[in-house]
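# Observations on the three-dimensional arrangement
So the chains spell out like this:
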Amino acid sequence: MAKRNGWNRGGFTLAEMLVTIVIAGMLGAIALPRINIGRTEAESVMVGLGTALQAAQREGIARQHDVLVSFDQAAGTMRVIFDADNNGALDAGERSRTIPIGPQVVFGRASAPARAFGAAPVNFPVGGNGLPTLVFHRNGSANFAGGFYVTSVKAQGGNPANQSDTRAVEIVRATGRVEWLRYIGGNWVQGF
């Protein structure tokens, strides 16, 4: 290191730091409009809800009781109820967990074509609480083969640039297996 007046010059000058910040800001301004936050959030919601469904199925097997999963489209939530007495309702002493999907994602498929499980945003029969409800039984199976779609608010609003924001989660009835799907380039592509 070069010494100047007895001091070690080991850092950056203020001018060098300002130039770096300005360049980083300009690059960010160019790149930011191209980043699709809605697609990233829809992907995150798909993975999060799918993982929660897998955990619910495993919990039912491990504890040998039904697990109810209700979808409240208006509130943008999925609620998991650990139904210890298998009566199909949340009772005192039973655990439940509510998972929000976030403000930039909605239940819906926008302009993506419907999968075999149906065209509605959530395709499970209505349960005792008046909401579409999936039940995982203690043997791991589900009460219904169905699924749901999530997409960004922009895609649901009809923006063609966001059509690939749509994601789906399908449930196989006999095994309770959870499958993730992405709508990319005009086709449904299986994930994971």
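The rules we used
Residues numbered from 1 in each chain as written. Predicted model: local features only at pLDDT ≥ 70, side-chain atom pairs only at ≥ 80, totals over all residues. Heavy atoms only, no water. Phe/Tyr/Trp six-rings, centres within 6.5 Å; stacked < 30°, edge-to-face > 60°. Helix = DSSP H or I, 4+ residues; strand = E, 2+ residues; numbered from the N terminus. Buried < 20%, exposed > 50% of the residue type's maximum accessible area, 1.4 Å probe, protein only. Lys NZ or Arg CZ within 6 Å of the ring centre and 35° of its normal.

## Focus on the packing of aromatic side chains
Counted under the stated rule, the structure contains seven aromatic pairs. Both rings, one in Phe71 and one in Phe124, keep their centres 5.4 Å apart while their planes meet at 20°; by these two values the pair is stacked. In this pair, Phe71 sits in strand 3 (residues 66-72) while Phe124 sits in the loop between strand 7 (122-123) and strand 8 (133-136), placing the two residues 53 residues apart along the sequence. Seen in terms of ring centroids, Phe71 and Phe148 are 5.0 Å apart; in terms of plane orientation they differ by 45°. Their pairing is tilted. In this pair, Phe71 sits in strand 3 while Phe148 sits in strand 9 (residues 146-152), placing the two residues 77 residues apart along the sequence. Taking relative accessible area as the criterion, Phe148 reaches 0% and is therefore assigned buried. Through successive ring pairs, a cluster of aromatic residues spans Phe71, Phe107, Phe124 and Phe148. In this structure, Arg95 is placed above the aromatic ring of Phe82, and the distance from its NZ or CZ to the ring centre is 4.1 Å.

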